[in-house]
Amino acid sequence: MSGQTSDIVVTMHFDPMIGIVDLQERIDDLSREAASRGFGFDRHGARNELHAATFRLPGMSIIRLAASPGGAIAIEARPAS
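This text gives an overview of the structure that appears in the document.

Time to look at the sheet that holds strand β4 (residues 73-79). With respect to topology, four strands assemble into an open sheet ordered β2-β1-β3-β4, the strand pairing being antiparallel. Looking along the sheet, the strands with just one partner apiece sit at the ends: β2 (19-20) and β4. Packed onto the sheet, helix α1 (residues 23-37) meets β1 (8-15), β2 and β3 (61-67) and runs at close to 175 degrees relative to β1. Of the strands in this sheet, β1, β2, β3 and β4 touch helix α2 (residues 43-54), which is tilted by about 30 degrees from β4.

On to the environment of R47, then. One can find R47 in helix α2. The class for R47 is buried, based on a relative accessible area of 17%. Sequence separation between R47 and I62 is 15 residues; the distance between their C-alpha atoms is 16 Å. Residues in contact with R47, not counting those within four places in the same chain, are L23, Q24 and I27.

Position of D15 among the secondary structure elements: in strand β1. Polar contacts involving the side chain of D15 include one to the main-chain amide nitrogen of M17, which spans 2.8 Å.

Counting along an α-helix, one turn takes 3.6 residues, and residues three or four places apart therefore face a common direction. The terminal C-alpha atoms of α1 lie 21 Å apart, and with 15 residues this matches the ideal 21 Å at 1.5 Å per residue to within 8%. Among the residues of α1, L23, I27, L30, S31 and A34 are the ones counted as buried. Viewed along the axis of α1, the buried residues span an arc of 100 degrees, placing them on a single side of the element. Among the exposed residues of α1, those oriented more than 90 degrees off its buried face are R32 and S36. Taken together, the buried residues of α1 touch β1, β2, α2 and β3. Just downstream of α1, G38 is the residue with a positive phi angle, here 75 degrees.

Overall, the coordinates contain five salt bridges when judged by the stated rule. Close ionic contact of D29 with R26 constitutes a salt bridge, the shortest N to O distance being 3.3 Å. With D29 and R26 both in helix α1, this residue pair falls three residues apart, about one helical turn. Here R26 falls in the partly exposed class, since its relative accessible area comes to 26%. Note that E33 and R37 form a salt bridge whose closest N and O atoms lie 2.7 Å from each other.

Cut-off values and rules
- Residues numbered from 1 in each chain as written.
- Predicted model: local features only at pLDDT ≥ 70, side-chain atom pairs only at ≥ 80, totals over all residues.
- Heavy atoms only, no water.
- Pairing = 2+ DSSP bridges.
- Helix = DSSP H or I, 4+ residues; strand = E, 2+ residues; numbered from the N terminus.
- Contact = heavy atoms within 4.5 Å.
- Axes fitted to C-alpha atoms, helices over the stretch in contact; angles between N-to-C directions.
- Buried < 20%, exposed > 50% of the residue type's maximum accessible area, 1.4 Å probe, protein only.
- Polar contact = N/O pair within 3.5 Å; in protein donor to acceptor, adjacent residues only side chain to side chain.
- Expected span 1.5 Å × (residues − 1).
- Arc of directions from axis to C-beta.
- Salt bridge = Lys/Arg side-chain N within 4 Å of Asp/Glu carboxyl O.

Laid out in structure tokens, this is it:
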């Protein structure tokens, strides 16, 4: 949708044995969506931030990444139920 200014939100699953499930696919999806909306998005920076956010997670978790139109990202992690 043209003129869309809301954040792009992606939810991912984290497994401490393998990391973020389908990380490359999720980053690719997010990158395409950001490009289609004209958002700034640093895919390598986002990947690094995701790795840092999940480095010490002790168990299965749900990761939420929000990307803003200006390129800022926010990452939240919570235990999977």
